Amino acid sequence: MVTVIIGVLALQGDVREHLVALAAADAVARPVRRPEELAEVDGLVIPGGESTTISKLAVLFGLLEPLRARVREGMPVYGTCAGMIMLADKILDPRSGQETVGGIDMIVRRNAFGRQNESFEAAVEVKGVEGGPVEGVFIRAPWVESVGAGAEVLAEHGGHIVAVRQGNALATSFHPELTGDHRVHGLFVDMVRAYRTAESL
């Protein structure tokens with residue numbers, strides 16, 4: 001089995017939980033804070049946190065443009081919650097100066113499921129994840145208003161899109177890293193492995 005190195009963007013948010021989940025899914029997991037660290041990974045997770053803060057710190061640390069370039073080149077990337085917002089080509093209600101990495105042809109609404117005190121958990125059926133529904137933890141979560149022709153909807157909750165894939169880019173509104181169920185991370189590790197295998201041919 002191909003060993004893959006997957007980074008977690010370690011600027012803000014629940015970085016440690018993603019590192020643990022990726023390791024449990026048989027990947028080598030590393031925090032990424034600098035462009036040279038980004039250059040060494042086969043794939044990247046953009047964690048939950050505060051999307052405006054992550055955007056500004058990515059610019060400050062010189063990571064935004066290298067990250068955009070690698071996503072354009074096909075590097076697998078997975079965004080949860082704020083990470084989903086970072087992967088959207090368009091935000092419905094951006095904060096002033098907020099930028100995204102892009103990569104998924106979707107329009108995302110920030111904090112769509114409500115404030116922190118309206119956080120909740122729900123069972124979510126995710127296409128491509130076997131073994132029944134995953135437990136979705138929704139914390140100030142976004143939802144996807146609409147997707148373009150190139151994006152595939154993987155899951156919905158309450159009539160709203162909460163998981164999307166486009167090529168090597170994956171995004172969920174919810175936080176699978178907080179549940180101890182590593183199947184969504186396993187799906188992403190498989191995506192990275194397929195990418196690495198194709199690259200070596």
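Scroll up to find the structure this text is about.
Predicted, not measured: the structure shown is a model, and the values here were computed from it. (Residues numbered from 1 in each chain as written. Predicted model: local features only at pLDDT ≥ 70, side-chain atom pairs only at ≥ 80, totals over all residues. Heavy atoms only, no water.)

(A) Representation of the overall build of the protein. Looking only at helices and strands, one finds six helices and twelve strands in the protein. In terms of overall size, the protein behaves like a compact globule, its C-alpha atoms giving a radius of gyration of 15 Å where 201 residues would be expected to give roughly 17 Å. For the protein, the spread of C-alpha atoms along the three principal axes comes to 40 × 40 × 35 Å. Taken across its 201 residues, the protein has 52% of its residues classed as buried. Of the contacts formed within the protein by residues at least 6 apart in sequence, a portion of 67% connects residues at least 24 apart. Entry remark: accessible area of the protein is about 8,700 Å², with carbon and sulfur atoms responsible for 49%. (Helix = DSSP H or I, 4+ residues; strand = E, 2+ residues; numbered from the N terminus. Rg over C-alpha atoms; globule rule 2.2 N^0.38 Å. Buried < 20%, exposed > 50% of the residue type's maximum accessible area, 1.4 Å probe, protein only. Contact = heavy atoms within 4.5 Å. Areas by Shrake-Rupley, 256 points an atom, 1.4 Å probe, with all protein chains shown as cover.)

(B) Molecular detail of the layout of surface pockets. Taken as a whole, the largest pocket encloses approximately 230 Å³ of empty space. Lining the largest pocket are 17 residues, with Gly49, Glu50, Cys81, Ile139 and Arg140 positioned closest to its centre. Considering only residue class, the lining of the largest pocket consists of six nonpolar, seven polar and four charged. (1 Å grid on protein atoms, 1.4 Å probe; cavity = no way out; pocket = protein on both sides within 12 Å on 5 of 7 lines; lining within 4 Å. Points joined across faces, edges and corners; volume = space filled by probe spheres on them. Nonpolar A, V, L, I, M, F, W, Y, C, P; charged D, E, K, R; others polar.)

(C) Region of interest: the environment of Val126. For Val126, the position within the fold is in the loop between β7 (120-124) and β8 (134-138). C-alpha of Val126 to C-alpha of Gly136: the two residues are ten residues apart in sequence and 10 Å apart in space. When residues no more than four places from it in sequence are discounted, the contact partners of Val126 are Val134, Leu154, Ala155 and Phe174.

(D) View of the packing of aromatic side chains. One pass over the full model with this rule turns up six aromatic pairs. With 5.7 Å between their ring centres and 45° between their planes, Tyr78 and Phe188 make a pair best called tilted. Taken together, the positions of Tyr78 in strand β4 (residues 77-80) and Phe188 in helix α6 (residues 183-200) put the pair 110 residues apart, joining distant regions of the chain. Residues Tyr78 and Phe188 agree in their burial class; the two are buried. With centroids separated by 4.7 Å and ring planes inclined at 5°, the aromatic side chains of Phe120 and Phe138 adopt a geometry described as stacked. Remark: Phe138 occurs in strand β8 and Phe120 occurs in strand β7; sequence separation between them is 18 residues. Here a set of aromatic residues connected by ring pairs shows up, and it is made of Phe113, Phe120, Phe138, Trp143 and Phe174. (Phe/Tyr/Trp six-rings, centres within 6.5 Å; stacked < 30°, edge-to-face > 60°.)

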